[in-house]
Amino acid sequence: MGTRPGDSGIALLPGWVGRILRFDPIPGLAMHEASIAVELLALVEEQARRHALGRVTGLHLRIGAMRAVVPELLQAAFEVVAKGSLAEGAGMRIDSVPLLARCSGCGRQVAVEEFVFLCPGCGAVLDEILSGKELDLLELTGEEGGTP
Ligand SMILES: [Zn+2]
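Residues numbered from 1 in each chain as written. Predicted model: local features only at pLDDT ≥ 70, side-chain atom pairs only at ≥ 80, totals over all residues.

Visitor: Mind showing me how you'd approach the overall build of the protein chain here?
Guide: When helices and strands are counted, the protein chain shows 2 helices and 6 strands. A total of 148 residues make up the protein chain; the buried ones form 22% of that total. Summarising the internal contacts of the protein chain: among those between residues at least 6 apart in sequence, 73% fall at separations of at least 24. (Helix = DSSP H or I, 4+ residues; strand = E, 2+ residues; numbered from the N terminus. Buried ≥ 20, exposed ≤ 12 C-beta atoms within 10 Å, placed from the backbone. Contact = placed C-beta atoms within 7 Å.)

Visitor: Got a minute to help me understand the confidence of the model for the protein chain in this structure?
Guide: Reading predicted coordinates in detail is not appropriate for stretches of low pLDDT. Per-residue pLDDT for the protein chain has a mean of 80; in total, 78% of the residues score no lower than 70. For residues 1–28, every residue scores under 50 in pLDDT, and the model assigns this stretch 46 contacts once sequence neighbours within four places are set aside. (pLDDT = per-residue confidence, 0-100.)

Visitor: I tried to follow the environment of A76 on my own but got confused; where do I start?
Guide: Following the sequence through the fold, A76 ends up in helix α2 (residues 71–81). Sequence separation between A76 and E33 is 43 residues; the distance between their C-alpha atoms is 8.8 Å.

Visitor: Explain the sheet that holds strand β6 (residues 135–144) here, please?
Guide: Adjacent strands of a sheet pair through backbone hydrogen bonds, lying either parallel or antiparallel. The strand order β2-β1-β6 describes an open sheet built from 3 strands, whose pairing is mixed. Each having just a single partner strand, β2 (91–97) and β6 make up the two edges of the open sheet. This sheet shows a mean twist of 20° between the axes of neighbouring strands, independent of strand direction. Sheet topology places strand β1 (residues 53–64) next to β2; 7 bridges connect them, and they run parallel. (Pairing = 2+ DSSP bridges. Axes fitted to C-alpha atoms, helices over the stretch in contact; angles between N-to-C directions.)

Visitor: Hey, could you run me through the sheet that holds strand β5 (residues 128–131) in this one?
Guide: With antiparallel pairing, the 3 strands of this open sheet are ordered in space as β4-β3-β5. The open sheet has two free edges, formed respectively by β4 (109–111) and β5, since each of these has just one partner strand. Pairs of neighbouring strands in the sheet enclose a mean axial angle of 35°, with direction left out of account. Sheet topology note: the strand β3 (residues 100–102)/β5 ladder contains 3 bridges and is antiparallel. Following the sheet pairing, A101 is matched in β5 by I129.

Structure below.
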């Protein structure tokens, strides 16, 4: 059973609205990515229910550099936590957003590397983050619920 355009197949979400769940450590996986994966699965399950998806086949995420997420680790963690859920085996696409800041001293726009928040122009502390804080689920792809 496929999806109908404009119907339940794709959910566009304005931002990260996941609930905080208790985190059970998963051996061998990075704590950070694993806890995000747990939250992500909760959000995916909630959205799947809301949009009557019986199965989730794909996720599209946007993650800013400031979140310090390693895409491969997040994918591996999600694979583990999603086992047995309706999102088992779902593909994941991650768009990385660079960390950009603006210097309030000289107005210069700076691509921040290695989390050094200093303006290379005037030496001021970069306090205005333009991008890089994102942790968004942009899109879910799935199939409508089948007959039980
Ligand atoms: Zn500056």
